[in-house]
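Chain by chain, the residues run as shown.
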Amino acid sequence: MTVCSLRLGVTDGIFDAKGLCSRRCDDFAKVSLHYFRLQWPDRLDRPIDAWNLRDAKSQMNIWWIVGLSVAVVLVCILVFRLHAFLTLLLAGLLVAGLTSRQALEQYAESEVAAESFTAKQATGFTNSLAVSRLTTAFGSTAGKIGILIALASVIGGCLSESGAAATIVDRMLKLTGPKRSPEALAVSSFIIGIPVFFDTVFYLMVPLARSLRRAVGKDYVLFLMAIMAGGSIAHSLIPPTPGPLQVAEILDVDVGVMLGVGLIVGGFSSVLSLAAARVINHFVEVPLRELQGDSESDSEPNAAAAGLAEGDRKSPGLMESLWPIIVPVVLITIGSVVSYLTKSGRIETTEMTRLLLLVGDKNIAIAIGLAFAMSLLRYIPTGPRSSLVGRSLASGGNIILITAAGGAFGAMLRQAGIASAVSDLVDADAGLILLPLAFAVTAAIRTLQGSATVAMITSAGVLQGFALADDLPFHPVYLAMAIGAGSKPISWMTDSGFWIMTKMSGMTEAEGLKVISPMTTAMGLATLSVSVVLAWLAPGI
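What you see is a predicted model, and the numbers here were worked out from it, not measured in a lab.

K.L.:
Whenever I open this one, the overall build of the chain confuses me. Can you help?
P.N.:
Of regular secondary structure, the chain possesses 23 helices and two strands. A buried classification covers 50% of the 541 residues belonging to the chain. Partitioning the intrachain contacts of the chain with sequence separation of at least 6 by distance along the chain shows that 76% fall at a separation of at least 24. If you sum the accessible surface of the chain, you get close to 24500 Å²; carbon and sulfur atoms cover 63% of it.

Dropping the structure here:
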């Protein structure tokens, strides 16, 4: 006879049950748990049976899968220097391959209940191969965000090469005056950073910061950090940049809501971050070093930043420069408001509402913005003009691949059961503490592997269970804001942006650690603070 043993710890003590079964440990466990229920009925919040044990085992498995997939992301990027697209694709395939059939069946049942799957589709999904599920999710994500990112890339190219971005900066400086030049840099970077990637924003703005340093003889660190306070925060909070766009997709947040709240949170966060920049500037001094190719042309930063040649070239006017940014923002916001009002039954669906929903669609709105941006082509020389769209799409294509791979990775985690696992781990009733938790998870991934976009996509995939919970005490857009906040700290040697900023500004690595790393931490904490306060004051949007 095989003797089985079980020790169960309770408040009143520990008991031993031996020799209760001679067949299988499963039978013994059922008998022991039944005895436990009889002895301490008030100590159990819910029944304990074989199904509960199976669920516990399933939860353990999903966290092993999450741990392995995150480890793969970190090792591939840090050790093997693998491209983010290949890394996220590999991590997604790993998750898909390790997902149990039971998890797939549970996911399919939930999709049938939500009327997203038919019974036939659910059966086909459960029996599908891992690589098939991965490629389907990849294509779905690319279809949702691909056009938007591609068109936004072309808009960014038109703004930077036509001199429109430089016009915005120049007018802001004239409006604020020399004493408020840091504020002008921050506001300009924030506006330009909505459709333009941050590395491009920094390329455009750093000659201006160097010129201001030559003019005033001090505050070089403040000028550089002002660019970060505007452009970097916009990059992590406001669509159509890929990080916030994909986070909104994963967390099922309307793009218009993400855009509107991102503008509000980003605006307040930039103000707080600029105050932090002044503190850092007080303690750290960075000399203005000559860079390779440096010349007196830096004293005309508008032309240098925009790639303009000196001479008869004209620059676009302020409103002409702003239309490609303002129009999509306004149209997407209108579309989101109309969609909310029609779904809530506050207004009836008419031909006018259908028209507003059409032009308010994110792809249509950004296409209309592109039409305004194309009017800027006449300010670009013939040579660069002919290749601008191709070069912009090539740059955008790289971002689309990374973002789609990240979306597929998140979808595989969702199919593996991460949503229920996260919601069981930390109850959505925990309240505002969920926002610091999302911040910490994202910041840890960001610090380890460097890329803010990869950190946001990975974290959103892991934490999507919170956003999908029915009892979440605030709108999921605040969770997206907390993830964006967590993508700021800590920029250091693993971050490509760290090297761009140090090399373009002339800072040493040690100076970068004293300036950029504390500044990104301050930006993250400022954004998190604003998100928590708004989630407390206006939880339902």
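K.L.:
Can you walk me through the pattern of salt bridges in this structure?
P.N.:
Between side chains of opposite charge, a pair can form when the charged atoms approach closely. All told, the structure shown has eleven salt bridges when counted by the stated rule. The shortest N-O distance in the salt bridge between Lys-174 and Asp-170 comes to 3.5 Å. Here Asp-170 and Lys-174 lie together in helix α7 (residues 164–176), a separation of four residues that amounts to about one turn. For Lys-174, a relative accessible area of 62% corresponds to the exposed category. In this structure, the salt-bridge partner of Glu-183 is Arg-278, at a minimum N-O distance of 2.7 Å. With a gap of 95 residues between them, Glu-183 in helix α8 (residues 181–192) and Arg-278 in helix α12 (residues 255–283) connect regions that are remote in the sequence. Among the charged side chains, a network of salt bridges with common partners joins Arg-180, Glu-183 and Arg-278.

K.L.:
Hey, could you run me through the nonpolar core in this one?
P.N.:
Looking at soluble globular proteins, one finds that nonpolar side chains tend to be buried together. Counting 137 residues, the largest nonpolar core has Ile-192, Met-225 and Leu-251 as its most contacted members. For this core, the element with the most residues is helix α10 (residues 220–237), which contributes 13 residues. If near-sequence neighbours (up to four positions away) are discounted, Ile-192 is found in contact with Ala-165, Ile-168, Val-169, Val-201, Leu-204 and Met-205. Counting five residues, the second largest nonpolar core, distinct from the first, contains Leu-104, Tyr-107, Ala-122 and Phe-125.

K.L.:
It is not clear to me how the packing of helix α21 (residues 476–486) against helix α23 (residues 509–537) should be interpreted in this structure. Could you clarify?
P.N.:
When two helices pack together, their arrangement is captured by the angle between the axes and the distance separating the axes. Interhelical geometry of α21 versus α23 gives an angle of 170° and a closest axis separation of 8 Å. Accordingly, the angle class assigned to the pair α21 and α23 is roughly antiparallel. In this structure, α21 uses Tyr-478, Met-481, Ala-482 and Ala-485 to contact α23, whose residues at the interface are Gly-524, Thr-527, Leu-528, Ser-531, Leu-534 and Ala-535. A per-class count over the contact of α21 with α23 returns seven nonpolar, three polar and no charged.

K.L.:
What is the right way to read the packing of aromatic side chains from this model?
P.N.:
The geometry of two aromatic rings is summed up by the distance between their centres and the angle between their planes. Enumeration according to the criterion identifies eight aromatic pairs in this entry. With 5.4 Å between their ring centres and 40° between their planes, Tyr-107 and Phe-125 make a pair best called tilted. In this pair, Tyr-107 is assigned in helix α4 (residues 101–113) and Phe-125 in helix α5 (residues 119–126), connecting sequence segments 18 residues apart. With a relative accessible area of 9%, Phe-125 lands in the buried category. Note on Phe-198 and Phe-202: the rings are 6.1 Å apart at their centroids and 50° apart in plane angle, and the pair reads as tilted. In this pair, Phe-198 and Phe-202 both sit in helix α9 (residues 198–216), four residues apart, roughly one turn of the helix. Judged by relative accessible area, Phe-198 falls into the buried class, the value being 12%. Taken together, the aromatic side chains of Tyr-107, Phe-117 and Phe-125 make up a single cluster linked through ring pairs.

K.L.:
Sorry, what's going on with the packing of α8 against α10 here?
P.N.:
Interaxial distance between α8 and α10 falls to 7 Å at its minimum, and their mutual angle equals 25°. Relative to α10, the element α8 lies roughly parallel. Helix-helix and strand crossings are classified by hand; for α8 and α10 the assignment is right-handed. For the pair α8 and α10, contact is made by Ser-181, Pro-182, Leu-185, Ala-186, Ser-189 and Phe-190 and by Leu-222, Phe-223, Ala-226, Ile-227, Gly-230, Gly-231 and Ala-234, respectively. Its residues assigned to classes, the contact of α8 with α10 shows nine nonpolar, four polar and no charged.

K.L.:
Looking at this model, I keep getting lost on unusual backbone geometry. Mind explaining?
P.N.:
Excluding glycine, most residues fall at negative phi; most peptide bonds, likewise, are trans. The amide bond that connects Pro-239 to the next residue, Pro-240, takes the cis arrangement and shows omega of 15°. Mapped onto the elements of the fold, Pro-240 is located in the loop between α10 and α11 (242–250). Here the residue pair Pro-489 and Ile-490 is connected by a cis peptide bond, since its omega of -5° sits within 30 degrees of zero. If you trace the backbone, Ile-490 turns up in the loop between α21 and α22 (496–505). One non-glycine residue, Arg-81, lies in the positive phi region at around 55°. Mapped onto the secondary structure, Arg-81 falls in the loop between α2 (50–78) and α3 (84–98). Even without a glycine there, the phi angle at Asp-219 is positive, about 65°. Along the chain, Asp-219 falls in the loop between α9 and α10.

K.L.:
Just to check I follow, could you spell out the environment of Pro-328 for this structure?
P.N.:
Of note, Pro-328 is situated in helix α14 (residues 318–343). With relative accessibility at 4%, the residue Pro-328 sits in the buried group. The sequence separation of Pro-328 and Leu-370 amounts to 42 residues, and the corresponding C-alpha distance is 8.9 Å. Apart from residues no more than four positions distant in its own chain, Pro-328 is found in contact with Trp-323, Ala-365, Ile-366 and Gly-369.

Cut-offs applied
Numbers given for residues are sequential positions, taken from 1 along each chain in its written order. Only residues with pLDDT of at least 70 are given local features in this predicted model, and only at 80 or more are side-chain atom pairs given and counted; all residues enter the totals for whole chains, interfaces and linings. No hydrogens and no water enter the side-chain calculation; it runs on all heavy atoms of the structure. Only DSSP runs of H or I reaching four residues or more are called helices, and only runs of E reaching two or more are called strands; each is numbered from the N terminus. Each residue is placed in one exposure class: buried if its accessible area under a 1.4 Å probe, protein chains only, is under 20% of its type's maximum, exposed if it is over 50%, and partly exposed if it falls in between. Contacts are residue-level and defined by heavy atoms, with any inter-residue pair within 4.5 Å sufficient. Computed with the Shrake-Rupley method and a 1.4 Å probe, the accessible areas treat only the protein chains shown as cover for residues. What makes a salt bridge here is a side-chain nitrogen of Lys or Arg within 4 Å of a carboxyl oxygen of Asp or Glu, nothing more. By nonpolar core we mean a set of buried residues, namely Ala, Val, Leu, Ile, Met, Phe, Trp, Tyr and Cys, connected to one another through side-chain atoms within 4.5 Å. To obtain an axis, a line is fitted to C-alpha atoms, over the contacting stretch when the element is a helix, and the angle between two such axes runs from 0 to 180 degrees between their N-to-C directions. Orientation is classified from the angle alone, with under 35 degrees giving roughly parallel, over 145 giving roughly antiparallel, 65 to 115 giving roughly perpendicular, and any other angle giving oblique. Gly counts as polar in this scheme, as do all residues outside two lists: the nonpolar Ala, Val, Leu, Ile, Met, Phe, Trp, Tyr, Cys and Pro, and the charged Asp, Glu, Lys and Arg. Centre distance within 6.5 Å is the pairing criterion for rings of Phe, Tyr and Trp, where only the six-membered ring of Trp is used; planes under 30 degrees apart are then read as stacked, over 60 as edge-to-face, and the remainder as tilted. It is the rotation of the near helix from the far one that decides the hand of a crossing: anticlockwise by less than a right angle makes it left-handed, clockwise makes it right-handed.

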